[in-house]
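Structural characterization, general
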Amino acid sequence: MTGVDPILVEVVRHGLQAVAEEMGAALARTAHSVNIRDRKDFSCGVFTTDGRLVAQAEHIPVHLGLLAGIVERACAEMRSDIPPGAMLVFNDPWLTGSHLPDIVAVAPVDHGSRRVGYVANMAHQVDVGGHAPGSLSLGATTIFHEGLRIPPLTLVRHGEIDRSILRLFRINSRTPDEVVGDLLAQAAAVSTGSRRLTELIDRIGWERYAAAAAALIHATARRLASRIEELPQTTACFADVLEWDAQDGSGELAIEATVTAAGDRLIVDFAGTADQITGPLNATRPLTLSCVLYVVKAMLDPDIPSNAGLLDRIDVRTQPGTLVDARFPAAVGLCTSIASQRFCDVLIGAFNRLTPDRAMAASTGSMNALIVGGVDPRTDRQFSYVETYGGGQGALAALDGGDGVHCHMTNTANSPVEMIERAYPITVLRYGLLPGTGGTGRCRGGDGMTRELRLDAPATVTLHLDRTHHPPWGIEGGGPGGCSSAVAVTEDGARELPAKCTMDLPAGTVVRLCTAGGGGYGTPPERAHGDPDPDAAASPAGA
Amino acid sequence: MSYRIGCDVGGTFTDICIVEPNSGTASVAKVPTTSGRQARGVLDGTTQALLFAGLVPNAVAGFSHGTTVAVNAVLERSGAAAALIVTRGFRDILSIGRQTRPHLYDATIRRPPPLVSPALTFEVTERIGPDGAVQVALDEDEVAEIAAALGKAGCRSVAVVLLHSYINPDHERRVGAIVAAEMDDVDISLSVDVLPQPGEYERASTTVMNAYVRPVVRRYLDELSSGLAAMGIARAPTIMQSNGGVMTVASAGSGRAVQTCLSGPAAGLIAAQAFAKAAGYDNVITVDMGGTSFDVGLVREGEILSRFDGEIEGLPIRTPMFDIVTLGAGGGSLARVDHGGLLKVGPESAGSTPGPAAYGRGGTRPTVTDANVVLGRLRSGRRLGGSIVIDGAAAADAIANKVGTPTGLDVSAAAAGVLQVVNAAMIRGIRRLTVERGLDPRSFALLAFGGAGPLHAVDLARELGIGTVLVPPAPGLLCAIGLLLAPWRLDLAGTVIARLSTIDDGSLARLTRPLRQQAVDQARADGLPSERLTFAISADLRYRGQGDQLTIPVDAGSLASAAQAFHREHHRMFGFSRTDQPVEITTLRVTATAPPASNDLPVPPSNTNGDPCLCTARLMVDGAIHDVPVLARDRLVSGARFLGPALIEQEDTTVFIGRQPVEVDRYGTLHVRLPP
């Protein structure tokens, strides 16, 4: 950092963070969908002139690594830089790293004739077409089944919105008003970010700003390097499985990661991971990168500023054509909700051996997504309810896992019961924790949770569950968490639903979803007969 | 003579301000806060203050009080063993919350445990739908059984939160009635009374907090009222709420107990608003900086910016309150250089022990206060409250060792850096309250209070392009003064979800009538003639499909202008409006206020004898050392003008003035002018 004032750098960091936060505030407050405005399923980033992420307002970790390379990938695809006054939108998973509903808006920021950076946001839209409501359905074997895929399109040219692009989104969506409303909110947020970045640079001065932004990225790299240097110089490997079978869900797909600390660098190699499949469980490489950055932050330095510097000391090795680096035209609908969580599990499993004092048992292991779509008889309009459910958090050496909480790659808030019932033809019958589903241990895993919904109109239901047969593991002698499950109850009785499915269910069906608990930590203490069980006293089961 | 007392309990001190209404002269007393025995401390302090002022208690005609009893009960988890009754199927409503974790990357940081234990949470069979229709009848026998069990368990406070009660409260009221009939001496908090709005978790959290603090608040207020009466102060105290108004002891000890939880900063803002107005400013950013935190508030066009949601340690609370952004930045915030070589300041604080290195109580880690000492803004050798004497050498050592050495800066540059970084954090907070709402900070004045605010105000204003800094006469006593200026206030809200175009002015009047009547009834119960009430009506509006709403005043009871005002406000805040989209109303709000006994600002005790210049000091201004005068605040008379740089010292704060002209207005407020 020679020659750069460390105080200016921190002052600029606050300024950039404010730019990202103001962008996020604008997006959340103007968006139309519950998904963006209440669940905050989006992120905003600020970039340097060479397209490196320098600040981010984060709501969900899965976006961290995705935004990091977004400008670079978009420009490479366009084979040119973005012209002044333009704003691009796209959702191609090989550019975004995510699934199709995650739409990116990105624009350059120009100050007079000088390019001073870029701003971008990524937001989960309710529906972009495809097989079933929510655009994340099972049954897709290639990306073509999953909905509208768009390369970088110029939504805004010379400051004017191109209405034909809005119409393209509109006619491809089951929820056209929400998609257009959200797209406009994304565009407005980008404009806000662009204005704020210009103002910041005006206050600081261009030369000083540019030097400070570069130094900020360098400081994160250096801070991470010092953490890596503290690790034992060794290699740790861990493997786990994703549950998949096109027929009955009983198959297994291997996910494996080897983490090596070598001086001030980390090498993460996914050799041993299964080949990509003809189903929507694949991930493109940026998503895998995102999981690596999340686990590195969580295990080494949770407060390190999120910017491109995180990437500088980490080599991520993936084999094209595998689940962690799927090639076109793979389907990717469940890459965030399921695959990303298992990538985290194996990475944490490996890190547990490098950083035993921070070791953590496996958490619920999936975002436990439920999508319900159809026509609301009260309004005759299409609806699409998208939600992910928390589960049990893995135990730590000195702390029980949290109950009914979102873990690892997501942190979206739930939809209030009263809001669900007002907005959709759905009645919520039960929403609660599942006592005893956390793994046993010196510290117990967190409990999973359950929600029972009655469909008050015929609906198409999509489920993304995993860990239905392979429970979240405990560590150091701790027990596994309980498995997840889904059941449909109709007049004909109850039947187990496949963990990953899209199916039409009649009105009156009650869908009961149960999420997995977290693994425990350490051998459970021996209890003399008659001693109160401290877990029972602490858990809601005690009531 | 009828004196009035404002008594504000803070974390460290209890401030008491006595005003003589005719002359407006004030006398003040500061006594240590007695935690755990707050009533005793307040009563002793009041006795002392009256003695000091040479007054007898029966000369006191009003006692306005800000208390921390409720918020302390939540923070210390020392509230009542309250129970919660919910709709069958939803017993874990508090444990699950919004299912989020507080920190994205740090798995050791957890949601706070609920205020009601799972063992005291009960489900009843009943169900009301989103349209208000009864889907499942209430099982009254179950309720009676629960009440019997609660009675046996010795529970004395019960919260009832049933789904969709904001649209049909029948089941909730019936549960309340059965519990009241079955149990003796029980407090019942119904969610429809506390917060009749959709969003079951936040409604439950607020209602439960009310049930949790209510017995504690009532016990405290009973002790205080009888203590004051025994002293000879006959008039019952009035109690500050988070919305900036006062209420009676009876209200504070019942369904509105939760409204005292976040009342702490409200009185300060009321006084800040009044001093700003007296100084001629309607648009003011207020900054209150103490030892550990920095609070930013906003007065826009004479009104204090409000909101309807907040939280205490992660527990949501939805009551009307002033919109305040709080940051962990204060005089005690610690500075350090991180692994990446960047200078970080806060949010970790040196607290009161050991405190800043300059306090000489064993602290060696540098704080913001130490940086102010190194730069000469706090004079070495100056005596602060109590036994603390500022130790300049200790401050310089701490800054040099922990900031200077790792960054390669000399001690002055390192100290200046600490201030720049903490100011950058505070500016981010100020921008959050202004720029994120489409407001330009340059069109505001900056009013600084709290022990450390006036040290940083000029720098903050300069960075933000603000033209005027105001420092009221007693920056450490604003809360006590604000209590005397606070109106009687009641906020009421009703859920109305409909297209705005379907509601005409006649139906608006019909919808607001019950809320107005409720306010009139409350005023009557409080012994307040209804003709003293002023009503303000506002509506929460949004575009159909949006989640967030904007609260828009409904002037003269007409909705047509409200829609136009909504489009304008939306455009101002977000840069666009959608006049093509239908506007929905979600909530109607009625605010009833009655003015305080006097709106006059107290006149500060001043000492016109003697030269205001105490001495000179060596002060770093714009990167160079200057010998500057140190002025005594209480000797600066109204109308005085001078040019900085200077330090102005008073018992509760120090004001840093750069090269700016300053004048003192007739209320004793300093006006510092910054060139554009």
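Residues numbered from 1 in each chain as written. Chains lettered and ligands numbered in written order. Predicted model: local features only at pLDDT ≥ 70, side-chain atom pairs only at ≥ 80, totals over all residues.

1. Things to note about the overall build of chain B
- Of the regular secondary structure elements, chain B holds 16 helices and 35 strands.
- At 26 Å, chain B has a C-alpha radius of gyration in line with the 26 Å of a compact globule built from 676 residues.
- Counting only C-alpha atoms and orienting by the principal axes, one finds that chain B spans roughly 80 × 60 × 50 Å.
- The long-range share in chain B, meaning contacts at least 24 apart out of those at least 6 apart in sequence, stands at 66%. (Helix = DSSP H or I, 4+ residues; strand = E, 2+ residues; numbered from the N terminus. Rg over C-alpha atoms; globule rule 2.2 N^0.38 Å. Contact = placed C-beta atoms within 7 Å.)

2. Brief notes about the overall build of chain A
- In terms of helices and strands, chain A carries twelve helices and 20 strands.
- Taking 2.2 N^0.38 as the reference for a compact globule, 543 residues should give roughly 24 Å; the C-alpha atoms of chain A span a radius of gyration of 23 Å, in line with that estimate.
- A principal-axis box enclosing the C-alpha atoms of chain A has dimensions of 75 × 60 × 40 Å.
- For chain A, buried positions account for 64% of its 543 residues.
- Here the analysis covers contacts within chain A between residues at least 6 apart in sequence; of these, 75% occur between residues at least 24 apart. (Buried ≥ 20, exposed ≤ 12 C-beta atoms within 10 Å, placed from the backbone.)

3. Some thoughts on the packing of helix H9 (residues 285–300) of chain A against helix H10 (residues 335–354) of chain A
Residues and elements named next belong to chain A.
- Look at H9 against H10: their axes get within 9 Å of each other, and the N-to-C directions meet at 45 degrees. Judged by the angle between their axes, H9 and H10 are oblique. The handedness of the crossing between H9 and H10 comes out as right-handed. Mapping the contact onto sequence places Leu287, Thr288, Cys291, Val292, Tyr294, Val295 and Met299 in H9 and Cys335, Thr336, Ser340, Phe343, Cys344, Leu347, Ile348 and Phe351 in H10. (Axes fitted to C-alpha atoms, helices over the stretch in contact; angles between N-to-C directions. Parallel < 35°, antiparallel > 145°, perpendicular 65-115°, else oblique. Left-handed = near helix turned anticlockwise from the far one by under 90°.)

4. As for the sheet that holds strand E14 (residues 426–433) of chain A
Residues and elements named next belong to chain A.
- Sheet architecture is open: five strands sit in the order E14-E15-E20-E17-E18, paired in antiparallel fashion. Strands at the two margins of the open sheet, each flanked by one partner only, are E14 and strand E18 (493–496). With direction set aside, neighbouring strand axes in the sheet form an average angle of 15 degrees.
- Strand direction decides the pairing type here: strand E15 (residues 449–455) and strand E20 (residues 510–514), joined by five bridges, are antiparallel. Bridge pairing in E20 links glutamate 452 to arginine 512. (Pairing = 2+ DSSP bridges.)

5. What about the confidence of the model for chain A?
- Confidence in the prediction of chain A, expressed as mean pLDDT, is 92, and 95% of residues score 70 or more.
- Long-range and interchain partners of residues 530–543 of chain A, a stretch whose pLDDT sits below 50, account for 20 contacts in this model, where long-range means more than four residues apart. (pLDDT = per-residue confidence, 0-100.)

6. A closer look at the sheet that holds strand E16 (residues 459–464) of chain A
Residues and elements named next belong to chain A.
- One open sheet accounts for four strands, arranged E13-E12-E16-E19; its pairing is antiparallel. Both outer strands of the open sheet, strand E13 (381–388) and strand E19 (500–505), are each paired with one neighbouring strand and no more. Each adjacent strand pair in this sheet contributes to an overall mean axis angle of 10 degrees, direction not counted.
- One ladder, built from six bridges, connects E16 with E19; its direction is antiparallel. Of the residues in E19, the one forming a bridge with threonine 462 is threonine 502.

7. Examining the nonpolar core
- Core analysis: the biggest nonpolar cluster contains 358 residues, and A:Leu347 and B:Leu446 have the highest contact counts within it.
- Of all the elements, helix H1 (residues 6–30) of chain A adds the most residues to this core, at 14 residues.
- With residues near it in sequence (within four places) discarded, B:Leu446 still touches B:Ile285, B:Val287, B:Ala457, B:Leu460, B:Ala461, B:Ile466 and B:Val469. (Core = buried A, V, L, I, M, F, W, Y, C linked by C-beta atoms within 7 Å.)

8. Remarks on the domain arrangement of chain A
Residue and element names in this part refer to chain A.
- For chain A, the assigned domains are domain 1 (6–131 + 140–222) and domain 2 (360–543).
- Just the C-alpha atoms count here: the centres of domain 1 and domain 2 sit 32 Å apart.
- Facing 15 residues of domain 1, the contacting portion of domain 2 comprises 13 residues.
- The class makeup of the residues in the side of domain 1 that touches domain 2 is five nonpolar, four polar and six charged. (Domains from an automatic or database assignment. Nonpolar A, V, L, I, M, F, W, Y, C, P; charged D, E, K, R; others polar.)

9. Focus: unusual backbone geometry
Residue and element names in this part refer to chain B.
- Cis geometry marks the peptide bond from glycine 346 to proline 347; its omega dihedral reads -5 degrees.
- Relative to the helices and strands, proline 347 resides in strand E22 (residues 343–349).
- For the bond running from glycine 644 to proline 645, omega is 5 degrees, close enough to zero to count as cis.
- Position of proline 645 relative to the elements: it lies in the loop between strand E31 (641–643) and strand E32 (646–650).

10. Observations regarding the interface of chain A and chain B
- Each side of the interface is counted separately: chain A has 63 residues, and chain B has 53 residues.
- Looking at the side of chain A that touches chain B, the elements with two or more residues in it are H1, helix H2 (34–37), helix H7 (176–204), helix H8 (206–229), H9, helix H11 (417–423) and E14 of chain A.
- Here the element with the most residues in the side of chain A that touches chain B is H1(A); it accounts for 14 residues.
- Tallied by class, residues from the side of chain A that touches chain B come to 28 nonpolar, 19 polar and 16 charged.

11. Here's the deal with the domain arrangement of chain B
Residue and element names in this part refer to chain B.
- For chain B, the assigned domains read domain 1 (3–74 + 217–260), domain 2 (79–213), domain 3 (265–486), domain 4 (488–594) and domain 5 (613–673).
- Here the C-alpha centroids of domain 2 and domain 4 sit 28 Å apart.
- With five residues of domain 2 at the contact, the number on the domain 4 side is four residues.
- Its residues assigned to classes, the side of domain 2 that touches domain 4 shows four nonpolar, one polar and no charged.

12. Overview of the pairing of E22(B)
Residue and element names in this part refer to chain B.
- Counting buried residues along E22, five of its seven residues qualify, which places the element largely inside the surrounding structure.
- Two elements, strand E21 (residues 333–337) and E22, share four bridges in a ladder whose sense is antiparallel. Looking at the pairing, arginine 336 lines up with lysine 344 of E22.
- Between the antiparallel neighbours E21 and E22 lie five residues, among them glycine 341 with a positive phi of about 90 degrees.

13. Overview of the environment of A:Pro305
- Its place among the elements puts A:Pro305 in the loop between H9 and strand E11 (314–317).
- It is 6.4 Å that separates the C-alpha atoms of A:Pro305 and A:Thr220, two residues lying 85 residues apart in sequence.

14. A short note on the pairing of strand E24 (residues 468–471) of chain B
- Note that strand E23 (residues 445–449) of chain B and E24(B) share two bridges and pair parallel. Following the sheet pairing, B:Leu446 is matched in E24(B) by B:Val469.

15. Digging into the environment of B:Gly79
All names here are of chain B.
- Along the chain, the position of glycine 79 falls in the loop between helix H2 (69–75) and strand E5 (82–87).
- A residue is classified by how many C-beta atoms lie within 10 Å of it, and glycine 79, with 24 of them, is buried.
- If near-sequence neighbours (up to four positions away) are discounted, glycine 79 is found in contact with Ala73, Val74, Leu115, Tyr212, Val213 and Val216.

16. Considerations on helix H4 (residues 70–78) of chain A
Residue and element names in this part refer to chain A.
- Among all positions of H4, only Ile70, Val71, Arg73 and Ala74 are buried. All buried residues of H4 project into a common sector of 165 degrees when viewed along the axis, lining one side.
- Contacts from the buried residues of H4 go to strand E1 (42–47), helix H3 (62–68), strand E3 (87–90), helix H5 (93–96), strand E4 (102–111) and strand E5 (114–124).
- A positive backbone phi angle near 55 degrees is found at arginine 79, which sits one or two residues after H4. (Arc of directions from axis to C-beta.)

17. Examining the confidence of the model for chain B
- On average, chain B scores 90 in pLDDT, and the residues at 70 or more come to 98%.
- Of the two predicted TM-score estimates for the complex, the pTM is 0.91 and the ipTM is 0.93.

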